[in-house]
Amino acid sequence: MKRKFVSEIFAWLSVGGLVFSAIGLFTLQSKSLKPFDFALSIVSVVIVVLAGIFSARLARLAKWIAPSRRVFLSCSHHDYPAAREVAKALRADGAFVWLDEERLRPGAPIREMIEKGIAGADSFVALLSGKPRPSLLLELGLAQARGLKVIPVLLADAELPSDLQGLRYIDLRHGNDHGFEELVREVT
Amino acid sequence: MEQFLASPIFRYALFPLGSAALGVAVKCVTRNDRYTSFRKEDIAVGIELMLTACLMFVLITTDRALALLKANRRLAECLSSGNTTSATTVQTEVQHLSGRLALAGWVIALLFLGLWSVSTIVRKWGWKSETEMMPLTGIAIPLGLGILALIAVMAGAVQ
């Protein structure tokens, strides 16, 4: 309680310090500024403050100007070694890869993070081996609802979920290099 | 070229804005490429700009102190040789440099006060989540003060 109070006091002191510092700097250093210089300085400060306020829009604009493919990699825990290989190949070709092993830290809200990952992706790559896991169906539902391009990839003999049965898959069984190339070409 | 570099447009607009843009670019290109290409947090370079301004001002002050030493030596030489016309000019220079040095301590104190204030505000109110910043308190205010600090240092440097 006492610590929180001290922290609050310091925070509000820092606001005062900020105002004092800004006014003081301008008063002490602006003597040599002519009206034109003064106006230019104000314009510069206003430009960066607006850039900060609209930073989210600027980031979206930058993504629109220089687009890069973003891929959501869906895999089960025992497929992580293969998923890392796939992620490495995709990143080498300029794609941004979302892999839960790298993103989900202990204590992270799993569902929220996965939803964010899928929302920011352009394509959904489902790495499949064995029986489909329940979380794959959830992720697949989210990806289809957002209209993402879905690419099934077979790492081993696998039972395809019904939603994926009508889609052509990429075969990475038995270390298929051609399949790797095809996957990279498809998503990047 | 020299005229352009000495012009107010370069000094008070292109230099500070260019420093901010370069800071953003460096932050963006050095990020871990497993994450997204460009995030709004990349624009948060205000504290770096303030620190650059602080260090620039320390260097300018050191230069002024050295210039004052030299001017004092020249003044002593002029007085010993009886050249009063030059002595008056050098004395004016000494007075100007002394005046700037008298203020330097306050400017450095204000710059560091601003740096402390901004870092406290960003820590306290600047973060929306573990990785996401608030646009106003996390990005815009530090950027504004960072640019202001750079402009103040540039303005002081040309006096």
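Residues numbered from 1 in each chain as written. Chains lettered and ligands numbered in written order. Predicted model: local features only at pLDDT ≥ 70, side-chain atom pairs only at ≥ 80, totals over all residues.

Caption draft 1: Main features of the overall build of chain A. Secondary structure assignment for chain A yields 8 helices and 5 strands. Its helices and strands in sequence order give chain A the pattern α-α-α-β-α-β-α-α-β-α-β-β-α, from N to C terminus. By the compact-globule yardstick of 16 Å for 188 residues, chain A is too spread out, its C-alpha radius of gyration being 25 Å. For chain A, buried positions account for 29% of its 188 residues. In chain A, the proportion of contacts linking residues at least 24 apart, taken out of those at least 6 apart, comes to 66%. (Helix = DSSP H or I, 4+ residues; strand = E, 2+ residues; numbered from the N terminus. Rg over C-alpha atoms; globule rule 2.2 N^0.38 Å. Buried ≥ 20, exposed ≤ 12 C-beta atoms within 10 Å, placed from the backbone. Contact = placed C-beta atoms within 7 Å.)

Caption draft 2: Structural view of helix H2 (residues 35-53) of chain A. All names here are of chain A. With 19 residues, H2 extends 27 Å from end C-alpha to end C-alpha; this agrees with the ideal 27 Å at 1.5 Å per step. Listing the buried residues of H2 in full gives Asp37, Leu40, Ser41, Ser44, Val45, Val48, Val49, Ala51 and Gly52. Each buried residue of H2 sits inside an arc of 165° when the element is viewed along its axis, so together they form one side. In H2, the exposed residues that point more than 90 degrees away from the buried face are Pro35, Phe36, Val43 and Val46. (Expected span 1.5 Å × (residues − 1). Arc of directions from axis to C-beta.)

Caption draft 3: Main features of the interface of chain B and chain A. Taken together, the 43 residues of chain B in the interface contact 44 residues of chain A. Every element with two or more residues in the side of chain B that touches chain A is listed here: helix H2 (8-29), helix H4 (84-125) and helix H5 (135-157) of chain B. With 14 residues, H5 of chain B is the largest single contributor of residues to the side of chain B that touches chain A.

Everything listed here is a matter of geometry and, on its own, says nothing about what the molecule does.
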